[in-house]
Amino acid sequence: MEYWNHIYEHFNPVAFNIFSIPVHWYGLMYVLALLSALMIAKWIVKKDAIAITKEQLDDYFIYAEIGVILGARLGYVLFYDTHTMYYLTNPWQIFNPFIDGQFVGIRGMSFHGAILGFLIGSYLYNRRHGIPFGRLMDLVAVSVPLGYVFGRIGNFLNQELVGRATDVPWGIYVYDTLRHPSQLYEAFVEGIVVFAIIYLYRKRKAFEGELILLYGVAYGLCRAIVEFYRAPDAQIGYIIGQWMTLGMALSLGMAAVSATVWVYFRSRNTIQKL
């Protein structure tokens, strides 16, 4: 257990170098996250006989990923970054991977921003290709959670988004402070648990688009719970007392909006069947 407690002292977040450019485990995990989401989507399409072709799915994947990347970065700049006005007045710097001539990669991504970007990308694809929006959303709801596991493992390997201070025996030392390995809690709860809920419920859905609303509720509540073990962003801190973080507030808002829309469409669907 002692080796585990001090694992960051024995682990290099850089997997290898291509010439002088470091390739981090974080980046590799995110590539695995994207690929796994696509593979799971193709498996679900075949398993559940969803009316979408392989070519359509591949095209949609491009729209969705562009939306995710743009939304995640812009969301971080707007919600979390302390230099928001600098980026808004110098927008070309938002995706600049160099600082003072040194390659550092693009740092700072927001999950909630990624959700907004993804929804916009999906809407644009729907408008151009005519595939029902709800069908796309349901497919994403089943496909994304397990890919999210890789993303959180990437955060853990990159030694970021660390947990709150603790005295539990499985804690990880970050510098001189023992902390919850909250990234791994998130990988399990927000990834595996949310996937299990949606996968088991998918045959019971009453209308197309219901699964993405279930995802919004499940993810929002799970993320809010795990935020109790995650340290707040250093530049923001707690927004209420010593317990509520911005991530928790955004997640609860996401769950509330998803639940409200879900109740509305369930009610409308019930009325239509009468």
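Residues numbered from 1 in each chain as written. Predicted model: local features only at pLDDT ≥ 70, side-chain atom pairs only at ≥ 80, totals over all residues. Heavy atoms only, no water.

Draft legend 1. Quick look at the overall build of the protein. In terms of helices and strands, the protein carries 10 helices and six strands. The globule rule puts the C-alpha radius of gyration for 274 residues at 19 Å, and the 20 Å found for the protein is close to it. The 274 residues of the protein split such that 43% are buried. Within the protein, counting contacts between residues at least 6 apart in sequence, those at least 24 apart form 68% of the total. (Helix = DSSP H or I, 4+ residues; strand = E, 2+ residues; numbered from the N terminus. Rg over C-alpha atoms; globule rule 2.2 N^0.38 Å. Buried < 20%, exposed > 50% of the residue type's maximum accessible area, 1.4 Å probe, protein only. Contact = heavy atoms within 4.5 Å.)

Draft legend 2. View of the nonpolar core. Within the largest apolar cluster, 36 residues are counted, with the highest numbers of intra-cluster contacts made by L57, Y60, L136, I198, I212, Y215 and W262. When contributions to this core are tallied by element, the ones reaching two or more residues are α3 (25–47), α4 (54–79), α6 (111–129), α7 (133–157), α8 (182–201), α9 (210–226) and α10 (246–273). Take this core: its biggest share by element is nine residues, from α9. Excluding residues that lie within four positions of it along the chain, I212 makes contacts with M137, D138, V140 and A141. (Core = buried A, V, L, I, M, F, W, Y, C linked by side-chain atoms within 4.5 Å.)

Draft legend 3. Region of the structure containing α8. Given a rise of 1.5 Å per residue, 20 residues ought to cover 28 Å, and the 27 Å separating the end C-alpha atoms of α8 matches this to within 8%. Burial in α8 covers these residues: S182, Q183, E186, A187, E190, G191, V194, F195, I198 and Y201. (Expected span 1.5 Å × (residues − 1).)

Draft legend 4. The arrangement of α4 in detail. In this model α4 runs 36 Å from its N-terminal to its C-terminal C-alpha over 26 residues, within 8% of the 38 Å that 1.5 Å per residue would give. Along α4, the positions that sit buried rather than exposed are L57, Y60, A64, E65, G67, G71, A72, R73, G75, Y76 and V77.

Draft legend 5. Fine view of the side chain of R202. Looking at the element boundaries, R202 is found in the loop between α8 and α9. When its relative accessible area of 9% is taken as the criterion, R202 is described as buried. Within the structure, R202 has its side chain in polar contact with the side chain of D48 (distance 2.7 Å). Separated by 2.8 Å, the side chain of R202 and the backbone oxygen of Y199 make a polar contact. Residues contacting R202, with those up to four places away along its chain left out, are I44, K47, D48 and L211. (Polar contact = N/O pair within 3.5 Å; in protein donor to acceptor, adjacent residues only side chain to side chain.)

Draft legend 6. Geometry of unusual backbone geometry. One non-glycine residue with positive phi stands out, namely A49, at about 55°. When you line up the elements, A49 lands in the loop between α3 and α4. For L161, which is not glycine, the phi dihedral falls at a positive 50°. Mapped onto the elements, L161 comes out in the loop between α7 and β5 (172–174). With a relative accessible area of 28%, L161 lands in the partly exposed category.

Coordinates in, geometry out; function isn't part of it.
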